[in-house]
Amino acid sequence: MPTHTFRELETAAYCPRKLYYRRRDGAGEIPDEIEAVRRLALDYERLLTDDAALLAAPIEVGPDEYRDRIRGLRDRLADWDALVAPTATDAYLEGKDARGVAHKVVAGQDGPVPSLVFAGRPPEDGVWEPQTVRLVAAAKALSWERERDIDTAYAEYPAYGVIRRVDVNARRAGVYRRAVRTADSIDGPPGRVRTDAKCPPCEFGDDCGVKTRSLRSMLR
């Protein structure tokens, strides 16, 4: 069985010290609010027509803008029909280097494609780098299982009505391999950082021992 999960590799790319604490303490349960957002990724078509469902949905943009975004995706994405009717959901994948769950496996025009659903905000363009690692891990695992090249994945941000196709190119594969090496190397707490915007929301912030400083103190 592969050593690492998709989530561990994503965490290694985000903060190696956070991965150390997750391994030590165990990964927590997925919060209900995240699960609620993920369920939106199976409801796009209904949200276009059901006003009550849309008003009750945990979306982060206005209802009219949300529908405009979904209509744009429907018109623009060649794999739209496959994304709204995936061949599998919450599919466990086991590759050579990593294992984990793809929230969807879709029958894309060029073959099977994994899609991962993220509850947070998307960047202006593309996907966040740690999420890139998770997407590449899923694509490589699906490729290993199906014994065929799979060089794309989808990142869905359903609370924002955003779906992005991600090519598994050489640069992203390199970021993935770096995360694998980082995860392989952790056998104790990685070095502390002095200040980082990633620290305040971290669930291990109180115990981590990372030294943070205020902007005022750094300007003195």
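This one's a predicted model, so the numbers in the text were calculated from it and none came from an experiment. (Residues numbered from 1 in each chain as written. Predicted model: local features only at pLDDT ≥ 70, side-chain atom pairs only at ≥ 80, totals over all residues. Heavy atoms only, no water.)

(A) Just the packing of helix α8 (residues 129-146) against helix α9 (residues 170-185), in detail. Following both chains from N to C, one finds α8 and α9 inclined at 95°, their axes separated by 9 Å at the closest point. Accordingly, the angle class assigned to the pair α8 and α9 is roughly perpendicular. Judged by residue contacts, Glu 129, Thr 132, Val 133, Val 136, Ala 137 and Lys 140 of α8 engage Arg 171, Arg 172, Val 175, Tyr 176, Arg 178 and Ala 179 from α9. Here the residues of the contact of α8 with α9 are counted per class, giving six nonpolar, one polar and five charged. (Axes fitted to C-alpha atoms, helices over the stretch in contact; angles between N-to-C directions. Helix = DSSP H or I, 4+ residues; strand = E, 2+ residues; numbered from the N terminus. Parallel < 35°, antiparallel > 145°, perpendicular 65-115°, else oblique. Contact = heavy atoms within 4.5 Å. Nonpolar A, V, L, I, M, F, W, Y, C, P; charged D, E, K, R; others polar.)

(B) Spatial organisation of the confidence of the model for the chain. Averaged over every residue, the pLDDT of the chain is 89; residues scoring 70 or more account for 87%. Contacts from residues 212-220, a stretch scored under 50 in pLDDT, to residues over four places away or in other chains number seven contacts. (pLDDT = per-residue confidence, 0-100.)

(C) Region of the structure containing helix α2 (residues 16-25). Within α2, burial applies to Arg 17, Lys 18, Leu 19, Tyr 20, Tyr 21 and Arg 22. Gly 26 occupies a position one or two residues after α2 and carries a positive phi of about 90°. (Buried < 20%, exposed > 50% of the residue type's maximum accessible area, 1.4 Å probe, protein only.)

(D) The arrangement of the packing of aromatic side chains in detail. By the definition in use, this model includes three aromatic pairs. A ring pair is formed by Tyr 44 and Trp 80, whose centres lie 5.7 Å apart and whose planes are at 35°; its orientation type is tilted. Placement of Tyr 44 in helix α4 (residues 44-49) and of Trp 80 in helix α7 (residues 80-84) is noted, with a sequence separation of 36 residues between them. Given a relative accessible area of 2%, Trp 80 falls into the buried group. (Phe/Tyr/Trp six-rings, centres within 6.5 Å; stacked < 30°, edge-to-face > 60°.)

(E) Up close: a negative patch on the surface. Together, Asp 32, Glu 33, Glu 35 and Asp 90 make up a region of like negative charge exposed at the surface. For the negative patch, the element with the most residues is helix α3 (residues 32-40), which contributes three residues. Position of Glu 35 among the secondary structure elements: in helix α3. (Patch = residues over 30% accessible without salt bridge, like charges linked within 9 Å, V, L, I, M, F, W, Y side chains within 5 Å. Areas by Shrake-Rupley, 256 points an atom, 1.4 Å probe, with all protein chains shown as cover. Salt bridge = Lys/Arg side-chain N within 4 Å of Asp/Glu carboxyl O. Lys, Arg positive; Asp, Glu negative; His and termini not counted. Charge placed at Lys NZ, Arg CZ, Asp CG, Glu CD.)

(F) Quick peek at the packing of helix α1 (residues 6-14) against α2. Contact geometry of α1 with α2 gives a least axis separation of 6 Å together with a crossing angle of 140°. It follows from the interaxial angle that α1 and α2 lie oblique. Residues Arg 7, Glu 8, Thr 11, Ala 12 and Tyr 14 of α1 form the contact with α2, whose own contacting residues are Pro 16, Lys 18, Leu 19, Arg 22 and Arg 23. Classifying every residue of the contact of α1 with α2 by side-chain character gives four nonpolar, one polar and five charged.

(G) Representation of unusual backbone geometry. The backbone phi angle of Asp 90 is positive, close to 45°, even though this residue is not glycine. Mapped onto the fold, Asp 90 is located in strand β2 (residues 88-94). Judged by its relative accessible area of 55%, Asp 90 falls in the exposed class. One non-glycine residue, Glu 147, adopts positive backbone phi at about 55°. Relative to the elements of secondary structure, Glu 147 occurs in the loop between α8 and β5 (152-157). The exposure class of Glu 147 is exposed, given its relative accessible area of 74%.

(H) Spotlight on the side chain of Arg 67. With respect to the helices and strands, Arg 67 occurs in helix α6 (residues 63-76). With a relative accessible area of 13%, Arg 67 lands in the buried category.

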